[in-house]
Each structure stands twice: as structure tokens, then as C-alpha cells.
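# Chain and residue survey
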Amino acid sequence: MPNLVPPLTTVDKVLEYQGKLRAASPNVHFLMSLYLHPSVTPETIEKAAEAGITGVKLYPQGATTNSEHGVANIEAFYDTFASMEKHGIVLNIHGEVLEAFAPEGTTLEEAFLPTLKQLHERFPNLRIVLEHCTTAAAVEAVKACGPNVGATITAHHLYLTEADACCDPFAFCKPIPKKPTDRDALLKAVVSGNPKFFFGSDSAPHPLVSKTTAAQGKAPAGVFTQPYVTQLVLLALEEGIERGVISEDDVTQEKLEGFLSKFGRRFYKLSETSGNKIILERKGEKIQASVKSESGAVEVGISRAGTEVFSLTWVKAA
Ligand SMILES: O=C1C[C@@H](C(=O)O)NC(=O)N1
């Protein structure tokens, strides 16, 4: 994602970052995105399309981590959206309003949903992803739009609620996890087989020390799930089965493959499979507490540390 410091607001910066990512992980196919900013004009979009950039991420100004340079007035970007629509560039949205703009009793995400609808109506051929959706209302709003609108669901929003996020810095993220009924609506969307809903980790590796030393409510927003992210989705589904929200029959291999892999690839017009597979086995493995950078200088705490999960092995295509 492009919310680095400073943000990736030019094609050259995005390509430079892509180079660094490729050097670190040569076997990963990175889809790159620009940070929506007044300097991202229709001409920038043309250049981005030529450079193979996939998306542009809209962060409402002040809504989340490093969003200070984000969007204050969405209408000011209509020409840019028209250019994205023309060039097949995806609009990735952090779909929240600022607290001051949310009517009493409405979540920041729910208050954003009319804007999602308006954007879709105005730019029907623009592919839009409502990133990391968290509410039952968002699931319904996305379903009500045409096939060019999809939504990602993270692993952590499938098991966290506001009761966790309020008080545990390792469960604090944006959008804030919501009510148990919202979490359960997300679980149902995952097993619905509806291709509009696909996996997106939004895994955020904030240094452990920044989480543990922050004053109450001041920890950086983000949950780190990446090392066990598939297993955490499965864990959330198992917990959903235990609560009776979904049934064991809902969790088929076909639906899991759709949600975790195929639907996202389809939305992004990639081939439906990379050819690689994963094998999941129960071996009593437990989520480790943290991972450290190579130098040992940075340590990041992992969500649900100590919980028993499936062991995962990649089987590479020949
Ligand atoms: O939207 C976001 C951004 C992310 C981050 O830290 O980059 N952390 C979050 O919790 N939500």
C-alpha cells in the first residue's frame, strides 16, 4: 500500500518501491498502487497505466495511518477518476468519514457508504474496492452495486470486535472492528461464495514497542497477521461455526479458494490461479509471539499469539 512516509504520490516513487519489494521477495507478484493526492492528475493516471500500476488508493485525510496527505474533497478528483475508468485502473478506498462527519449512532464506515454509491453511479465502469470492510451495512451496500464494485475482508475483522479493539493495542486498527453482528455478517459474506468479497490482509507491521509504550488509545492503528494470515481466516471460520453463525457445510474448499485466491485475481483480471497450492495440516503449531527483522532491530507482535492453528506449506508449481 502507498501510505508510506512520504506517501507514494508519483509513478516514479511507486516504481522505485516496487523495485525494493521485488528485491526483498523475488517470487511475489506485486500489484502497485498510487496514493491519491492533488498531484495525481489524469496525466499521472495515463503514465501509471503505461507503467503497469494497478490501482490508486483513496485515504480520507486524517482517517488512518499516514493519511495526512489524503483526500479532503472527493469531488475534486472526478477528472482523475474518469481517467482511471478509461485506463482500467482500480480505485481502492479506505471507506470511512472523519468522526465530525458521522451522524450520531452511525459508524464512520456506514457514513461513507452513500459516497461509495454515488461514485459507482457516476463512474459505473470504474472498478472500485471498498477495502477492509467491517459492517453488515457495508456488505449490503457492496452487494447492491454492480459487478465493478467489490470489497476486501481482512482476517482480523473476522474475529475482532470493538470490545477487543478498545483496550488491546494489538487489536486496534482502522476501521475499528465493530459489533459481533457485524463480524458475523463478514463471516457469512466469506462463505457466501459471492465473488464481490475477497481476501485482503491489511496486515500492518507496526513495531512492537510502538504498540506497548503508547498511552491508552494512542497506539498506531494496525493488526499484524501476515505470517499466519490464512490460518487466522480459518480460525475465525472455526469460531464462527462454534458460535453457530455459519455451519461446517458452508466451509467448502471451493468457497475458501474463491475467497482467498480466485475472486481477487478475477477482479484484478489476473489468471485465476498462480498454479501454486497450499497444504493445511493440523500439527499442533501455535502462533509465535513476534517476528524480528534480519538485523533484529525491529520486532513486530503477531495477532492471536499462542493460539493453535493449522500448519501451512506451499507447493510450488513445477
Ligand atoms: O487503514 C489502515 C492502515 C494500516 C496501516 O498501518 O498502514 N493500519 C490500519 O489499521 N488501517
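Everything discussed here concerns the structure shown above.
A short tour of the structure in this document, coming up. (Residues numbered from 1 in each chain as written. Predicted model: local features only at pLDDT ≥ 70, side-chain atom pairs only at ≥ 80, totals over all residues. Heavy atoms only, no water.)

### Quick notes on the site of the ligand
Convention followed: Put simply, a residue is near a molecule or strand once any heavy atom of it comes within 4 Å of that molecule or strand. Any N or O atom pair separated by 3.5 Å or less is treated as a polar contact, with the protein-specific requirement of one donor-capable and one acceptor-capable atom, and with residues adjacent in sequence counted only for side-chain atom pairs. Accessible areas in this description were obtained via Shrake-Rupley with a 1.4 Å probe; residue shielding takes into account the shown protein chains only.
For the ligand, the full set of nearby residues is Asn 3, Thr 64, Thr 65, His 94, His 132, Cys 173, Lys 174, Asp 202, Ala 204, His 206, Ala 221 and Gly 222. Note that an oxygen atom of the ligand is positioned 3.0 Å from one of the side-chain N or O atoms of Thr 64. Here an oxygen atom of the ligand sits 3.1 Å away from a polar atom, N or O, in the side chain of Thr 65. When the ligand sits alone it has 290 Å² of accessible area, and the protein chains cover 91% of it.

### Concerning the packing of aromatic side chains
Convention followed: Stacked, tilted and edge-to-face are the three classes assigned to paired rings of Phe, Tyr and Trp, where Trp is represented by its six-membered ring and a pair needs centres within 6.5 Å; plane angles under 30 degrees give stacked, over 60 edge-to-face, the rest tilted. Each helix is a run of DSSP H or I of at least 4 residues and each strand a run of E of at least 2, with the numbering of both proceeding from the N terminus. For every residue, the accessible area (1.4 Å probe, protein chains only) is compared with the maximum for its type, and the residue is labelled buried under 20%, exposed over 50%, or partly exposed between those bounds.
In this structure the tally under the stated criterion is eight aromatic pairs. For the ring pair Phe 81 and Phe 123, a centre distance of 5.8 Å and an interplane angle of 75 degrees mean the geometry is edge-to-face. Residue Phe 81 is found in helix α3 (residues 78-87), and its partner Phe 123 is found in the loop between α4 (108-122) and β4 (128-130); the two are separated by 42 residues along the sequence. For the pair Phe 81 and Phe 123, a shared accessibility class is recorded, and that class is buried. Between Phe 198 and Tyr 268, the ring centres sit 6.5 Å apart and the planes meet at 75 degrees, which makes this aromatic pair edge-to-face. Of the two residues, Phe 198 is situated in strand β6 (residues 197-199) and Tyr 268 in the loop between α10 (253-267) and β7 (277-281); the sequence distance between them amounts to 70 residues.

### Quick notes on empty space enclosed by the protein
So the rule is basically this: Cavity and pocket criteria rest on a 1 Å grid covering protein atoms alone: a 1.4 Å probe that fits but cannot get out defines a cavity, protein on both sides within 12 Å along at least 5 of 7 lines defines an open pocket, and an atom within 4 Å of a point defines a lining residue. Grid points are joined across faces, edges and corners, and a volume is the space filled by probe spheres set on the points.
The full count for this structure, using the stated rule, is one cavity of 30 Å³ or more. There is about 60 Å³ of room inside the largest cavity. Residue lining of the largest cavity: Phe 170, Ala 204, His 206, Leu 208, Lys 211, Gly 222, Val 223, Phe 224, Val 300, Gly 301, Ile 302 and Ser 303, and that is the complete set. Looking at the lining of the largest cavity, the elements with two or more residues in it are α8 (208-212) and β9 (299-301).

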